[in-house]
Amino acid sequence: MLSQFLQFLFSGITVGAAYALAALGFTLIYNAPNVINFAQGEVIMLGGMLVFFFMQSGLPMPLAIVLAIAIPALVGIALEKLAIEPARDAEVVTLIIITIGASLVIRGLIQIWLGKGAHSYPAFSGSEPLHIGGATLLPQSLWVLGITALVVVALWYFFSRTLAGKAILATSCNPLAAQLVGIDTQWVLLVSFALSAALGAIGGVLLTPITLTSYDVGIMLGLKGFVAAVVGGLGSGLGAVLGGLLVGVIEAMAAGYISSAYKDAIPFILILFILFFMPRGIFGAKVTERV
Amino acid sequence: MSILRRHHVLIILAAVLLLLPLVLPNNYYYDIVIRMAINAILVLGLNLLIGFAGQISLGHAGFVGIGAYASAILPTHFGWHPLLAMAAGATIASAIAAIVARPIFRLKGHYLAMATLGLGIITAIVIKNEAAYTGGPDGMPVVALALMGFEISGEKKWYWVLAVVLLFSFWAARNLIDSPFGRALRALHGSEVASQVMGVDVVRYKVAIFVLSAFFASLMGSVTAHYIGFVTPNIADFFHSIELVTMVVIGGMASIYGSLIGAILLTALPQALSTFEGWETVVFGAILMFCMIFMPRGLVPTLAQRFGGRESEGD
């Protein structure tokens, strides 16, 4: 009984960590130019697919991983520079459509380049499972959790202790005021998109040895990351992390105890529930609307 | 304003629809035109919501799916008359829309986008999983639609049915926009606070337009199911929702005839792209981005402004 519960908990937290990274990416971009970036799921997919590709072409894993995080970051910069910036004054709906267009382009290119098959690569440090309380835990899950925790701490440091991080926060609070005190808001947007894409890619790189990847996994992962961001109250960093873990755990529990066929529906039932009863998210702050 | 001036685009549309069969060479082209008409009506309903109420629905295909599967399941498994099944589908879709919309519209921002996104995906998953009724991922056949012993089948009969429905929808939408209801909607999009101060019941209007567009979507889902004679879960999936929103935005938000243009272009696009083996998704996405960056207001409003004339359906 307990071992089963632990098993579900482990798999939930592992997937939840990847959702948390995706949710952080959403939050970052939502904070800066107030765009909901639907291409976020595709950079998660890119992360995994690129590691697979580079390892297949003979690069050592660490180098492949670095490239698989750097390239999506460049994709994020390109997206901001070429698509979001020229349309900056457009309505939110328009910006959302642009990011959806970008996600189609990325997915289509990967499908042509690497095909429709599912791919994977070996776990970072073997696949001999650990036994804890009757449940098994893959070493890769520890990697996922450990690196996610590191990333969260690094982000916290970046946003609260460095000038660059504070500049981004300031811009998200009030772009005009930020500009007036000399912050290069253009630069802030670029950094936000690069960082957000890198976060998503890290999630994809970490998760792929456990869940496999293919050109079309981005949509679901991205949407669930988005749900996690909303559950955490869009715009709150800590909320995004907790939201990700919560979505992962609830999904795993529901799949285990209720119905695995409806596993993918769980996050979306959750989001409806949250919107009905806790519209600011579970961890979101109360906001007063300005007219 | 004479009827002729007021409805001149509508009259042109009617003339085109009358003359089109003279130039359509075979059933393949009939099929494309029929799909364009179905999409145009769907997009019109969605545009009322996006363009006039300023709310985006990312799960509209879910409502289309509800209508399509009501028309597939109820006659096949329970022996309902197809018309009754169609009405049931539209009622269910409207009821779901109403239940969801009430709490959502009390919130500001793009919460409807998230709620409809969830709703659409849940609908698609239910359709895929309840294989005993829906045939699962493989889909299921749909009985033919018969009215008083007259069976609507074949591209030519469907063409005329949809031509009439299309004209009626555009006429109704125009009238709706010019009614007090439509003016309230436009005011709402302009400034929610201002319209509230003027006495517009903001939430009620938004809910009404959302329910109306869900109703439209479900009906057109039923029509699609009967026309094709087969339904698959693809009709309810996220990508279909995105396609519909894209048609609205490319044609032009808040532009009735933009809906028509958007539907025609994006229905024709996959046919034109089928020669680009494998590149369809990339080109589709690139066109989306390109249009939104350089013509954020959509084709019809942008072109109308460029060529001097004010948009025919403007104020």
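Higher on the page you've got the structure.
Residues numbered from 1 in each chain as written. Chains lettered and ligands numbered in written order. Predicted model: local features only at pLDDT ≥ 70, side-chain atom pairs only at ≥ 80, totals over all residues.

**Overview of the interface of chain B and chain A**
Here is step 1 of the chain: Each partner contributes residues to the interface: chain B has 34 residues there, and chain A has 35 residues.
Here is step 2 of the chain: Of all elements in the fold, only helix H5 (82-104), helix H6 (111-129), helix H12 (238-251) and helix H14 (280-294) of chain B reach the threshold of two or more residues within the side of chain B that touches chain A.
Here is step 3 of the chain: Its residues assigned to classes, the side of chain B that touches chain A shows 26 nonpolar, seven polar and one charged. (Contact = placed C-beta atoms within 7 Å. Helix = DSSP H or I, 4+ residues; strand = E, 2+ residues; numbered from the N terminus. Nonpolar A, V, L, I, M, F, W, Y, C, P; charged D, E, K, R; others polar.)

**Here's the deal with the nonpolar core**
Side chains of nonpolar character tend, in soluble globular proteins, to be buried together.
Here is step 1 of the chain: Judged by nonpolar contacts, the single largest core of 195 residues is most densely connected at Ala-20, Ala-201, Val-227 and Ala-228 of chain A together with Leu-42 of chain B.
Here is step 2 of the chain: What Ala-201 of chain A contacts, discounting residues up to four positions off in sequence, is Val-43, Ile-44, Leu-46, Gly-47, Ala-68, Ile-69 and Pro-72 of chain A. (Core = buried A, V, L, I, M, F, W, Y, C linked by C-beta atoms within 7 Å. Buried ≥ 20, exposed ≤ 12 C-beta atoms within 10 Å, placed from the backbone.)

**Focus on the environment of Tyr-111 of chain B**
Here is step 1 of the chain: With respect to the secondary-structure elements, Tyr-111 of chain B resides in helix H6.
Here is step 2 of the chain: For Tyr-111 of chain B and Pro-233 of chain B, which are 122 residues apart along the polypeptide, the C-alpha to C-alpha distance reads 25 Å.

**Examining helix H3 (residues 27-53) of chain B**
Helical geometry note: an α-helix holds 3.6 residues per turn, so side chains three or four residues apart project in the same direction.
All names here are of chain B.
Here is step 1 of the chain: A rise of 1.5 Å per residue sets the reference length of H3, with its 27 residues, at 39 Å; its end C-alpha atoms lie 38 Å apart and thus fit the reference within 8%.
Here is step 2 of the chain: The largest bend in H3 is about 35°, located at Asn-47.
Here is step 3 of the chain: The element H3 is largely enclosed, with a buried count of 20 among its 27 residues.
Here is step 4 of the chain: Downstream of H3 by one or two residues, Gly-54 has phi in the positive range, about 65°. (Expected span 1.5 Å × (residues − 1). Bend = angle between axes of the 7 residues up to and from the residue.)

**Remarks on the environment of Ala-20 of chain A**
Residue and element names in this part refer to chain A.
Here is step 1 of the chain: Counting through the fold element by element, Ala-20 comes out in helix H1 (residues 2-31).
Here is step 2 of the chain: Note: C-alpha distance between Ala-20 and Gly-200 (180 residues apart in sequence) is 9.2 Å.
Here is step 3 of the chain: Residue contacts for Ala-20: discarding those within four places in its chain leaves Thr-148, Ala-228, Ala-240, Val-241, Gly-244 and Leu-245.

Take it as geometry only, folks, not as evidence of what the structure does.
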